[in-house]
Structures are given as C-alpha cells and as structure tokens.
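# Observations on chain architecture
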Amino acid sequence: MPVTSQLTLPAIPLIANPALQQQLQQKVSNKTKPPGSLGTLESLAIRLGLIQQSLTPAIHHPQVAVFAADHGLTDEGVSAFPAAVTPQMVHNFLQGGAAINVFARQHNLALQVVDAGVNADFTPHARLIDKKVRKGTRNALHTPAMTRDECIQALQAGMELVQTLPGNLLLTGEMGIGNTSSASLLLARLGKLPVAKCTGRGTGLNNNGLHHKTRVLQAVLSRHASAQTPLDVLTALGGLEIAMMAGALIQGAAERRILLMDGFIAGVALLVANRLAPGTCDYAVFGHGSAEPGHRYVLQLLNATPLLELNLRLGEGSGAALAYPLLQSACAFINEMASFEDAGISGASS
C-alpha cells in the first residue's frame, strides 16, 4: 500500500430523520402488545431502521473482522501473557478453535482474521487477510508507537478492507497481547480521565501486576504529553489493530452498515473513530458491557447502553456475536409481528 501523510476520511451520513423515526415508532407501537412491553428491543428496532433509513430494517451477509497486532509496550511487563500468544491465537482463529469461531459458526457469521501488525509471518490462508503495516508497534514508553504514516496506513487499510466486504452489518473484534494497555492510554488521553480509572487486569494481572501496569501507563502518558489531537494520540499511543479497526468502523458508518460493537478495546476504537469522523458512533449498537473497568467510561463518553451484561472480558468480538440474535429478533418483530389492525384486536383505550 502506498504511504501517504494525508488522511482522507469519507463523509458520515446523518441518521437523524424525525419523520422516519415517528413512522418507526408508530409501527412498533401498533404491534399486538402493550405499549413498550418489548422494552429495549423496541428502541433497537427503531435504531436499526434509522441506520438503514428504512421502515423494514433487515440484516444480510453479516461480517466479523478480527484485527490482530502486537505491541512493543509488552517489553515493560504490562501483560500476564507473553507476546508470543498473539500469533498463536491467530493460528487458533484460522483453525476455528477460538470463542469467536464457535459463536460465528453458531450464528452463521462470516469471519475473517486481519493481520494488522502481528510480529510473525503467516502462510496464506483463506480466512487470513494480510494488511500488516509493521511487525508490532514500538515501545511507547520510549517513542511513539507508530509514525504518522504508519498510523494513516492502518486507518486506510481498515477502510479499504470494509469496501471489499459484503453485507450491511460489521462486527469487529481484536487480538493482541498488550492491547488493553494501548486502549487504556487512548481512553485516558481522549477522555481526559486518570489512567488508573481506565486500567484493568487485562489477561489476568494480579494486584502487583496491575499497579506496575498503571505506573508504566502513567509514564507513557507523560512521555507523550504533547499528543492531543485524535490522530496524534492514536499515533503515539495506539495499536495497529485499534487504528485499523477505527478505519473499518469509519468506512462501515460511511456505508450505512450497522456496527455491532464488542467490549473495551473495540469501544476505544470506536471512540477514536468518532473523534476522527464525528457521527460514526451513531451507527453503533453496543453488544455488551465489558468487565474491564475502562469500558464503562467508553460507554459514558459515547452515551451508550449495552444490550447484555455478562461480565465478559475476552475480546475477539465474542460479546458482540452473543448479542447478534437480539438484532435479528428486533428486525423480525418489526417486520413480521401483526398490528392490532392486522389481527383484528382492539388497541389500548386512550
């Protein structure tokens, strides 16, 4: 891919449409049920209709893209697992053995694994998309994680990937030892939050490990105090998989795709994407609330409420895949459930 210092982002269409929203609300309210009795499923159906600008929202050819990359900051001992686990897990994805593989098969979701920057070479595989920018980011404690050109290349690669995918729903996941550290750094800087509030145990750090991780991340933020704009922050602190996921989310919104969000790291990618291309988050449906403490702040910053609370902290897109049937149900009831008039049933008295 040619390297460029210029980042060109697509326009994000507005989903606000008061007339359509009123029609969708009326359609939902006229179904054979007490008003509001389907709860969150009703507002979900309306949101899907607004995303698609349609009274009959529908999902076709849903796509899962799992972005994988390594992080130089793991040299500082911020993860309970070694960096070698990243390529090992990529092999597991390709062999069909990870949680996201299981859930994708269960729900008939097409799955691709994207090498955004894994510190390993892979043999070609039908499910593997090679978008490698470099073999892992640099150690952000000492230098920016990426150059500006590398960051832009990752964003552009994510946008280009989505342009090749069919369907109207995009589910993004990630894999990368050390990526909760990168996500915590991005959240702290973009959200103007203390890094301790944004930092969790990741893959299972004990108390001493968590304290060490927090100290390292605070030092990284101090090292890059001048990085303040979204692109500069992503360049200095981000992961290649987070940057590429952000590009994918921006392109998905530009194409009016439903963005079915996973947990903490995917949420931070959306936060970055929305800062770069405002309006991207309007296309997002939040699958679950992660057990990672930073995710609650991501949800607050994006004014979002997750569909599920299952105490998950796996990543990979697993929580979003578990929420996918709820989107199917929202489309099914708004399109197939009888109205009071259809069924010849008296509505509620005024």
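What you see is a predicted model; the values in this text were computed from it and never measured.

Below, the discussion takes up the overall build of the protein. If you tally the helices and strands in the protein, you get 14 helices and six strands. What you see for the protein is a C-alpha radius of gyration of 20 Å, in line with the 20 Å of a compact globule of 350 residues. Based on the C-alpha atoms only, the size of the protein along its principal axes is roughly 70 × 40 × 40 Å. Taking as baseline every contact in the protein between residues at least 6 positions apart, the subset at least 24 positions apart corresponds to 77%. Summed over its atoms, the accessible surface of the protein is roughly 14,200 Å², and 51% of this surface lies on carbon and sulfur atoms. Computed over 24 positive and 22 negative side-chain charges, the inter-centroid distance for the protein is 5 Å.

Looking only at helix α4 (residues 99-107), the buried set comprises Ile100, Asn101, Ala104 and His107. Along α4, the residues classed as buried sweep out an arc of 145° about the axis, all on the same side. For α4, exposure combined with an orientation more than 90 degrees from the buried face picks out Arg105 and Gln106. Just downstream of α4 lies asparagine 108, where phi reads positive at about 60°.

Moving on to unusual backbone geometry. With the exception of glycine, most residues fall at negative phi, and the peptide bonds are largely trans. With phi around 55°, lysine 192 is a residue other than glycine that occupies positive phi space. Looking at where lysine 192 falls in the secondary structure, it is placed in the loop between α6 (179-191) and α7 (195-198). Owing to a relative accessible area of 70%, lysine 192 belongs among the exposed residues under this scheme. The residue asparagine 303 is not glycine, and still its phi comes out positive at about 55°.

Our next topic: the sheet that holds strand β3 (residues 128-130). Taken in spatial order, the six strands of this open sheet run β3-β2-β1-β4-β5-β6, and their pairing is parallel. Each edge of the open sheet is held by one strand with a lone partner, namely β3 and β6 (284-286). Adjacent strand axes in the sheet meet at a mean angle of 30°, parallel and antiparallel pairs treated alike.

Tracing the chain through its elements places serine 329 in helix α13 (residues 318-336). What makes serine 329 partly exposed here is its relative accessible area of 34%. Residues serine 329 and proline 18, 311 residues apart in the sequence, show an inter-C-alpha distance of 24 Å.

The next point concerns the state of the cysteines. Counted under the stated rule, the structure contains zero disulfides. Here cysteine 198 stays unpaired: no disulfide links it, and the sulfur of cysteine 281, its closest cysteine neighbor, is 18 Å away. A relative accessible area of 0% places cysteine 198 in the buried class. For cysteine 281, a relative accessible area of 14% gives the class buried.

Calculation notes
- Residues numbered from 1 in each chain as written.
- Predicted model: local features only at pLDDT ≥ 70, side-chain atom pairs only at ≥ 80, totals over all residues.
- Heavy atoms only, no water.
- Helix = DSSP H or I, 4+ residues; strand = E, 2+ residues; numbered from the N terminus.
- Rg over C-alpha atoms; globule rule 2.2 N^0.38 Å.
- Contact = heavy atoms within 4.5 Å.
- Areas by Shrake-Rupley, 256 points an atom, 1.4 Å probe, with all protein chains shown as cover.
- Lys, Arg positive; Asp, Glu negative; His and termini not counted.
- Charge placed at Lys NZ, Arg CZ, Asp CG, Glu CD.
- Buried < 20%, exposed > 50% of the residue type's maximum accessible area, 1.4 Å probe, protein only.
- Arc of directions from axis to C-beta.
- Pairing = 2+ DSSP bridges.
- Axes fitted to C-alpha atoms, helices over the stretch in contact; angles between N-to-C directions.
- Disulfide = S-S within 2.5 Å.

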